[in-house]
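Below, each chain spelled out in residue letters.
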Amino acid sequence: MGVNDGTVIGSELVLDHGSPIDRWNLTLVSDGYTEEELPNFRLHALEFITLLLATPPFAGPSAAINVYRLDVASAQSGADDPAPCGTGATADTFFDATFCGNGVDRRVLFVDDTLTLNTVYAELPWSHVILVIVNSTIPGGTKRGVITTSIHPKGLATGLHELGHALGLADEYDYSSTCAESGRDFHPAVEPAAANVTIDTSTLKWGHLVDPSTPIPTSTSSDCSVCEPPGLSPTPPGTVGAYTGGDHYHCGVFRPEYECKMRQFGEPFCAVCQERIDAVLFPFYP
Ligand SMILES: [Zn+2]
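All values derive from a computational prediction rather than experimental measurement.

The rules we used
- Residues numbered from 1 in each chain as written.
- Predicted model: local features only at pLDDT ≥ 70, side-chain atom pairs only at ≥ 80, totals over all residues.
- Heavy atoms only, no water.
- Donors = N, O, S within 2.8 Å, 3.2 Å for Na, K, Ca; no water.
- Tetrahedral: all angles 85-135°; square planar, octahedral: opposite > 155°, others 65-115°.
- Helix = DSSP H or I, 4+ residues; strand = E, 2+ residues; numbered from the N terminus.
- Buried < 20%, exposed > 50% of the residue type's maximum accessible area, 1.4 Å probe, protein only.
- Core = buried A, V, L, I, M, F, W, Y, C linked by side-chain atoms within 4.5 Å.
- Domains from an automatic or database assignment.
- Contact = heavy atoms within 4.5 Å.
- Buried area = accessible area lost by both parts, 1.4 Å probe.
- Salt bridge = Lys/Arg side-chain N within 4 Å of Asp/Glu carboxyl O.
- Nonpolar A, V, L, I, M, F, W, Y, C, P; charged D, E, K, R; others polar.
- Phe/Tyr/Trp six-rings, centres within 6.5 Å; stacked < 30°, edge-to-face > 60°.

So, about the coordination of the zinc ion. For the zinc ion, the protein coordination sphere consists of Glu 172 (OE), Cys 260 (SG), Cys 270 (SG) and Cys 273 (SG), at 1.9 to 2.3 Å. The site at the zinc ion holds four donor atoms, and with the angles between them running 98 to 124°, its shape is tetrahedral. All donors of the zinc ion come from a single chain, and their spacing in sequence reads E-x87-C-x9-C-x2-C. On the criterion of sequence distance, the pair formed by Glu 172 in the loop between helix H3 (155-166) and strand S7 (243-246) and Cys 273 in helix H4 (residues 271-281) is long-range, its members being 101 residues apart. Residues Glu 172 and Cys 273 agree in their burial class; the two are buried.

Here is the structure:
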């Protein structure tokens, strides 16, 4: 792992909306690409930027955003995929990307956060959020000190979900690792800090976005010991209310819409998540 496993090649400003002093700066950095494979990383970075700008609300305030790309070559291609979740495959990569980062869930994709932060800040000290694109088609991504995504066909959408975490959003799904795990029946009686989940429907923190005709709570669970079955929305898509389940618990917690990118990676961000992202980016508008 580390600097003996590759080389920092250099950086490029790939979405330029002005001085980094004034903008919200996202840096995309490579791991698990050999030097010969770095042209692929440049393509994957462009794909991510295209997806970002096609995903509301990012297109609207895009003038607030700069995107940088930091090219780092790894000695070997791919990522570690250790037991018990993976195949046991290993790869000597610069930032030591590994699936199964928590020891139980293969999609938990960790890198060496400290090395990543130090390496990026040495080149691009104004970076607000760092997304490591890992050259593996295994699905995965995580928010820790930095955010990560693989290049699985759904992977770049995973990167947008992880970007939501970096902007202060919580998961809206109702489990932690898998639906099989226990201990996820009722949310602790503590209000989450995130804007998009709540335990309190009486002073609903996104109440200004709810139509008075929408019942609160908008959905309930008939069995708090299991994950909510998919496809049971009681309302049309885009209806803001208070739906049971979220923040890794089945009951005792509510999310703003039935679907959202913070719940299903292929969905749009819900209205509450979009409002939160807009609020974070607002100070960086020209
Ligand atoms: Zn949401």
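There's more to say after this.
So, on to the nonpolar core. With 41 residues, the main nonpolar core has Trp 24, Leu 26, Leu 28, Phe 48, Phe 58 and Leu 163 as its most contacted residues. At the level of elements, strand S2 (24-31), helix H1 (38-53), strand S3 (65-74), strand S4 (129-134), H3 and H4 are the ones that each hand at least two residues to this core. Considering every element that reaches this core, the biggest residue donor is H1, with six residues. Two domains each provide a minimum of three residues to this core, namely domain 1 (2-166) and domain 2 (171-261).

With domains assigned, the protein is organised as domain 1 (2-166) and domain 2 (171-261). A separation of 30 Å is found between the C-alpha centroids of domain 1 and domain 2. Opposite the nine residues of domain 1 that make contact, domain 2 presents six residues. Summing the contributions of domain 1 and of domain 2, the shared interface buries around 550 Å²; its carbon and sulfur component is 43%. Per-residue buried area on domain 1 facing domain 2 is highest for Arg 107, His 161 and His 165; these three make up 63% of the total on that side. At the junction of domain 1 and domain 2, the tally comes to zero salt bridges. The class makeup of the residues in the side of domain 1 that touches domain 2 is three nonpolar, four polar and two charged.

Turning next to the packing of aromatic side chains. Applying the stated rule across the entire model yields seven aromatic pairs. Consider the rings of Tyr 243 and Tyr 258, whose centres lie 6.1 Å apart with planes at 75°: the pair is edge-to-face. Taken together, the residues span a long stretch of sequence, with Tyr 243 in strand S7 and Tyr 258 in the loop between strand S8 (249-255) and H4 at a distance of 15 residues. Classification of Tyr 258 by relative accessible area gives buried; the value is 7%. Measuring from centroid to centroid gives 5.7 Å for Phe 282 and Tyr 285, while their planes differ by 50°, and the two rings are tilted.

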